[in-house]
Amino acid sequence: DTAVSQTPKYLVTQMGNDKSIKCEQNLGHDTMYWYKQDSKKFLKIMFSYNNKELIINETVPNRFSPKSPDKAHLNLHINSLELGDSAVYFCASSPPRTTQETQYFGPGTRLLVL
Amino acid sequence: EDQVTQSPEALRLQEGESSSLNCSYTVSGLRGLFWYRQDPGKGPEFLFTLYSAGEEKEKERLKATLTKKESFLHITAPKPEDSATYLCAVQAWAGNNRKLIWGLGTSLAVNP
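> Would you mind going over the overall build of chain A in detail, with residue names and values included?
Each helix and strand counted, chain A has 0 helices and 11 strands in total. Expected size for 114 residues packed as a compact globule is a radius of gyration near 13 Å; at 13 Å, chain A falls within 12% of this value. Dimensions along the principal axes, computed over C-alpha positions, put chain A at roughly 40 × 30 × 25 Å. The contacts of chain A with a sequence gap of at least 6 include a subset with a gap of at least 24, amounting to 54%. Summed over all atoms, the accessible surface of chain A reaches about 5600 Å², with 51% contributed by carbon and sulfur.

So this is what it looks like as structure tokens:
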């Protein structure tokens, strides 16, 4: 059983297009995250949601808009894609904040903007 | 500023040759240090969490230790299947919430 899943796995698109990435977790976790991993393998948090509420919003261009329809799903919509958006995007989830906050990651979405 | 530095960047070992990876950190009020393993083309996989200086945790050939300024991931008699990138992260405050600050990782290659 896949704990944290993302779709699509690969995404190749042209500059200026709009695209979405979807994430689902079946772990019963309350908190979900979006990370960007660049070509140097640096993981940087973008957003975090707790029970559908946005709790962390790092310095991310407003072309990136997360949306959490329920606590098991977190989607990421990107408008007007730029070359610099090419990266691997990881979704993660973690248990309620009163317990150990280990984050569990999805397999990643590899985005290439041409 | 909260920061995590991992060394070395890359490490090549022969099978059975033990070594250690280092993670040094500066964070105001450590609330947890995490070790993850990342295989090529996959998401990070959780290994350990350490919360206080002096704490140690073990899993198969891996042992993680924590001091007030750094953590070590000791690999004893590694096998080729231990080849991966090992990532360290510390939990820091983001307003009233917490976030993970990540190092760049150590890429480990174990030759048979």
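On we go from here.
> Explain the side chain of Thr31(A) residue by residue, including any values.
Residues and elements named next belong to chain A. As for its position among the elements, Thr31 is in strand E4 (residues 31-37). Within the structure, the side chain of Thr31 is placed 2.7 Å from the side chain of Asn50, a separation counted as a polar contact. With residues near it in sequence (within four places) discarded, Thr31 still touches Ser48, Tyr49, Asn50, Ile55, Ala92, Ser93, Ser94 and Pro95.

> Kindly report on unusual backbone geometry, identifying the contributing residues and their values.
Cis rather than trans, the peptide bond between Thr7(A) and Pro8(A) has omega equal to -5°. One non-glycine residue, Ser80(A), adopts positive backbone phi at about 45°. Tracing the sequence through the fold places Ser80(A) in the loop between strand E8 (73-78) and strand E9 (87-94). The phi dihedral of Glu60(B) is positive, around 55°, even though this residue is not glycine.

> Explain the interface of chain A and chain B residue by residue, including any values.
In this assembly, 20 residues from chain A lie in contact with 20 residues from chain B. Summed over both partners, the interface of chain A with chain B buries about 1700 Å², with 51% contributed by carbon and sulfur atoms. Measuring nitrogen to oxygen at the nearest pair gives 2.9 Å for the salt bridge that ties Glu58(A) to Lys99(B). Within the residue set of the side of chain A that touches chain B, elements represented by two or more residues are E4, strand E5 (43-50) and strand E6 (53-57) of chain A. Class assignment of the residues belonging to the side of chain A that touches chain B gives a composition of 9 nonpolar, 5 polar and 6 charged.

> I'd like a description of the nonpolar core, backed by residues and values.
Counting residues in hydrophobic clusters, the biggest one holds 25 residues, and the most contacted among them are Leu33(B), Trp35(B), Leu73(B) and Tyr86(B). When residues of this core are assigned to their parent elements, the largest contribution, 5 residues, is made by strand E9 (residues 84-94) of chain B. Apart from residues no more than four positions distant in its own chain, Tyr86(B) is found in contact with Gln6(B), Leu21(B), Trp35(B), Tyr36(B), Arg37(B), Leu47(B), Leu62(B), Leu73(B), Gly105(B), Thr106(B) and Leu108(B). Membership of the second largest hydrophobic core comes to 20 residues, among which are Trp34(A), Ala87(A), Leu111(A) and Val113(A).

Rules behind the numbers
- Here the residue numbering is sequential within each chain, running from 1 through the sequence in written order.
- Written order decides the labels, with chains lettered from A and ligands numbered from 1.
- Reporting of local features is limited, given that this is a predicted model, to residues whose pLDDT is at least 70; pairs of side-chain atoms are given and counted only at 80 or more, and all residues count toward the totals for whole chains, interfaces and linings.
- Excluded from the side-chain calculations are hydrogens and water; all other atoms, namely the structure's heavy atoms, are used.
- Secondary structure elements follow DSSP: runs of H or I of four or more residues count as helices, runs of E of two or more count as strands, with numbering from the N terminus.
- C-alpha atoms define the radius of gyration in this analysis, and the globule rule sets the expected value at 2.2 Å times the number of residues to the power 0.38.
- The criterion used for residue contact is that any of the two residues' heavy atoms lie within 4.5 Å.
- What sets the accessible areas is the Shrake-Rupley method with a 1.4 Å probe; for residues, cover comes only from the shown protein chains.
- Any pair of nitrogen or oxygen atoms within 3.5 Å is treated as a polar contact; in protein, a donor-acceptor pairing is required on top of that, and neighbouring residues in sequence qualify only through side-chain atoms on both sides.
- Buried area counts how much accessible surface, traced with a 1.4 Å probe, disappears from two parts once they are put together, with both parts' losses summed.
- Salt-bridge detection follows one rule: a side-chain nitrogen of Lys or Arg within 4 Å of a carboxyl oxygen of Asp or Glu.
- Charged residues are taken to be Asp, Glu, Lys and Arg, nonpolar residues to be Ala, Val, Leu, Ile, Met, Phe, Trp, Tyr, Cys and Pro, and polar residues to be all remaining types, Gly included.
- Take the buried Ala, Val, Leu, Ile, Met, Phe, Trp, Tyr and Cys residues and link them wherever side-chain atoms come within 4.5 Å; each set so joined is a nonpolar core.
- Accessible area is worked out with a 1.4 Å probe on protein chains only. A residue is then buried under 20% of its type maximum, exposed over 50%, and partly exposed in between.

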